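Structural overview
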Amino acid sequence: MMSKKIIPDHNAFEQPDWLDGMTDSNPHIRSQSFEGFMNAWQKPIYFYMRRLLMNHQDADDASQEVIIQVFKSIDSFQKKSTFSTWLITIAYRKAMDAMRKRKTHAWTSLDATNQAALSHLNEDALFDADEAERRLHSAIANLPPRQRQVFILRYFDELSFREIAAISGKTEGALKASFHHAVKKVRATVVLPR
Amino acid sequence: MKEMPPSPFNVPEGFFDAQRQRILERLKEDSTPSSRLNQTHRGSWMRAAAFWIGLTGVVIALQQWNAATPCQSYSCLLKQHEPSLAIPDDMLEDWLEDGTLFDILLEEV
């Protein structure tokens, strides 16, 4: 079975080679570090955002914001956690902001909102999946922001609840509850025939 | 570079190169060192912080003075002994935001 992970595996004690160069006074070294960072993280950040926000334009904007934020605040990274945890924390917060900004409370039936998400995906020329995958992603699109984040980080990227707790600042118990509710909703949409 | 896993989400041709270029340009525009910015704003932040700390101190002192005054009415007594909820507000807010509270209520019903 092929991996569905987007976020690269990381060693808990290892920081990337290019990290120190990001704050170097030499512009040539900074430029090399930029390349190193972008090669490692540009695509993972974009696809993380795309899974959460579904839409290409939104994912483009949000991933750009994350990368800019990383470079602006790299001075404040104190290496108390791994670089990837720090980075995903920034991405998590930016994604939360983006999802809250366009939050629509659909007080219609679950069926209606799922249908709306499904037809949106069907119309998206940059989305190419079979029926089951379309249903899965439309179900994810209908989850509330935090449940969506937890579901994606746990199910797709296989992060532990402990890692997600470090990223989100929530307790493991709260995250497990969110994941449980998310799984229930996704299962109801994916399994039930329309 | 690590190969990305197959994804149903596609991007337009040349998107990542174009995005990289846009980011590089934005970073060059925003190249004001953060330390210089910090120094410029540090003074005003310090003044604002001192003001709020002072104001909070005055409010707390007033509240303590009020609490020490013996009550003459039932409404005063009620105000002084407001029942506290066992569930903190931020937790309730989390639940509401997640839809978890709604789910719990539905399950209970």
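Residues numbered from 1 in each chain as written. Chains lettered and ligands numbered in written order. Predicted model: local features only at pLDDT ≥ 70, side-chain atom pairs only at ≥ 80, totals over all residues. Heavy atoms only, no water.

**Some words on the overall build of chain B**
Using the following cut-off: Helix numbers and strand numbers start at the N terminus; a helix is a DSSP run of H or I with at least 4 residues, a strand a run of E with at least 2. For every residue, the accessible area (1.4 Å probe, protein chains only) is compared with the maximum for its type, and the residue is labelled buried under 20%, exposed over 50%, or partly exposed between those bounds.
Each helix and strand counted, chain B has five helices and zero strands in total. Along chain B, helices and strands appear, N-terminal first, in the series α-α-α-α-α. In chain B, which comprises 109 residues, the proportion classed as buried is 13%.

**Examining the overall build of chain A**
In plain terms, the rule: We call two residues contacting when some pair of their heavy atoms lies within 4.5 Å.
When helices and strands are tallied, chain A shows eight helices and zero strands. Counting helices and strands in the order they occur from the N terminus, chain A gives α-α-α-α-α-α-α-α. For chain A, buried positions account for 50% of its 194 residues. Pairs at least 24 residues apart make up 65% of the contacts formed inside chain A by residues separated by at least 6 positions.

**Description of the confidence of the model for chain A**
Residues and elements named next belong to chain A. Put simply, the test is: Values of pLDDT, ranging from 0 to 100, describe the predictor's confidence in every residue of the model.
Per-residue confidence for chain A gives a mean pLDDT of 83; residues scoring 70 or more make up 82%. Averaged pLDDT values for the elements of chain A fall to 65 in helix α4 (residues 110-123) and rise to 93 in helix α2 (residues 56-73). In this model, residues 104-108 is a region of pLDDT below 50 whose contacts with residues beyond four sequence positions or in other chains number two contacts.

**Brief notes about the packing of helix α1 (residues 27-53) of chain A against helix α1 (residues 15-29) of chain B**
Selection criterion: Interaxial angles span 0 to 180 degrees and are taken between N-to-C directions of axes, which are lines fitted to C-alpha atoms, for helices over the stretch in contact. We call two directions roughly parallel when the angle between them is under 35 degrees, roughly antiparallel when it is over 145, roughly perpendicular when it lies between 65 and 115, and oblique otherwise. Handedness of a helix crossing follows the sense of rotation of the near helix relative to the far helix, less than a right angle counterclockwise being left-handed and clockwise being right-handed. Residue classes follow a fixed rule: Ala, Val, Leu, Ile, Met, Phe, Trp, Tyr, Cys and Pro count as nonpolar, while Asp, Glu, Lys and Arg count as charged, and any other residue, Gly among them, counts as polar.
Running from N to C, α1 of chain A and α1 of chain B cross one another at 120 degrees; their axes reach a closest spacing of 11 Å. In terms of their interaxial angle, α1 of chain A and α1 of chain B are classed as oblique. For the pair α1 of chain A and α1 of chain B, the crossing hand works out as right-handed. On α1 of chain B, the residues that touch Phe34, Glu35, Met38, Asn39, Gln42, Lys43, Tyr46 and Phe47 of chain A of α1 of chain A are Phe15, Phe16, Gln19, Arg20, Ile23, Leu24 and Leu27 of chain B. Residue composition of the contact of α1 of chain A with α1 of chain B, grouped by class: nine nonpolar, three polar and three charged.

**Observations regarding the packing of aromatic side chains**
Residue and element names in this part refer to chain A. For the record, the criterion: Between 30 and 60 degrees the pair is tilted, below 30 it is stacked and above 60 it is edge-to-face, where a pair is any two Phe, Tyr or Trp rings, Trp via its six-membered ring, whose centres lie within 6.5 Å. In this scheme, the term charge over a ring applies when either NZ of a lysine or CZ of an arginine sits within 6 Å of the ring centre and within 35 degrees of the ring normal.
With the rule as written, the count across this model stands at 19 aromatic pairs over all chains. A ring pair is formed by Phe83 and Trp86, whose centres lie 5.8 Å apart and whose planes are at 40 degrees; its orientation type is tilted. Pair noted here: Phe83 and Trp86 are both in helix α3 (residues 83-101), with a separation of three residues, about one helical turn. Owing to a relative accessible area of 2%, Phe83 belongs among the buried residues under this scheme. Residues Tyr155 and Phe156 carry aromatic rings whose centres are separated by 4.9 Å and whose planes lie at 80 degrees to one another, so their mutual orientation is edge-to-face. A residue is classified by how much of its surface remains accessible, and Tyr155, at 35% relative accessible area, is partly exposed. For Phe156, a relative accessible area of 5% gives the class buried. A cation over a ring is seen here: Arg51 above Phe156, with NZ or CZ 4.0 Å from the ring centre. The ring of Phe161 carries the charged tip of Arg154 above its face, separated from the ring centre by 4.9 Å.

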